[in-house]
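Listed below, chain by chain, are the residues.
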Amino acid sequence: MTERIVVVAGALVRDGRLLAARRSAPPDLAGRWELPGGKVEPGETPERALVRELREELGADTQALERVPGEWPLKPGYVLVVWAARLLSGSAEPAPLEDHDELRWLTPEEIWDVDWLDQDVPAVKSALPWL
Ligand code: DCM
């Protein structure tokens, strides 16, 4: 059996803007932008993993809303899935606490102004209807 590690990322939308996060590590990904998220742990649902990862990485309380259709290969054995998500009322403002060094809330016109990770480009395209 081939292990398949699912990485879940959030299309976190507020007021018609999408949150983009600039990676600070590892060196080959640093400086590129991504939808924030991380690996789903064994026994964890993607929705719970996303909420956990966004709390760890951004210090924010979020809700996973619905799956963005599609899945995208990362490195061998890894696949990226995306959920639309929102900030819960009363959440702290997202901040780049770990893994990232800058955040931007992008309007639809600004979406392609940042240097997205290659594998995130089709995921971001698929998330545009949620903006
Ligand atoms: N990853 C990605 N795009 C994302 C989120 C993560 O390509 N939107 C990749 C980067 C890592 C792996 O998934 O190789 C695990 O992510 P992390 O290091 O954030 O747990």
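Look above for the structure.
Residues numbered from 1 in each chain as written. Predicted model: local features only at pLDDT ≥ 70, side-chain atom pairs only at ≥ 80, totals over all residues. Heavy atoms only, no water.

Caption draft 1: Representation of helix α2 (residues 120-127) in the model. Burial in α2 covers these residues: D120, A123, V124 and A127. Buried residues of α2, viewed axially, fall in a sector of 100°; they line one side. Of the surrounding secondary structure, the elements contacted by the buried residues of α2 are β1 (5-14), β2 (17-23), β3 (33-34), β5 (62-73) and β6 (78-87). (Buried < 20%, exposed > 50% of the residue type's maximum accessible area, 1.4 Å probe, protein only. Helix = DSSP H or I, 4+ residues; strand = E, 2+ residues; numbered from the N terminus. Arc of directions from axis to C-beta. Contact = heavy atoms within 4.5 Å.)

Caption draft 2: Region of the structure containing unusual backbone geometry. At the junction of A25 and P26, the peptide bond is cis and its omega measures out at -15° in the coordinates. Following the sequence through the fold, P26 ends up in the loop between β2 and β3. One non-glycine residue, D15, lies in the positive phi region at around 50°.

Caption draft 3: Inspection of the site of the ligand at higher detail. Taken together, the neighbourhood of the ligand is formed by 16 residues, with R23, E34, L35, Q119 and D120 sitting nearest. Taking R23, its side chain carries an N or O atom lying 3.2 Å from an oxygen atom of the ligand. A distance of 2.7 Å separates a nitrogen atom of the ligand from a polar atom in the side chain of D120. The protein chains hide 88% of the 440 Å² of surface that the ligand would expose on its own. For the shell around the ligand, the secondary structure elements donating two or more residues are β1 and β4 (37-39). Looking at the shell around the ligand, the element that brings in the most residues is β4, giving three residues. Its residues placed into classes, the shell around the ligand shows seven nonpolar, three polar and six charged. (Near = heavy atom within 4 Å. Polar contact = N/O pair within 3.5 Å; in protein donor to acceptor, adjacent residues only side chain to side chain. Areas by Shrake-Rupley, 256 points an atom, 1.4 Å probe, with all protein chains shown as cover. Nonpolar A, V, L, I, M, F, W, Y, C, P; charged D, E, K, R; others polar.)

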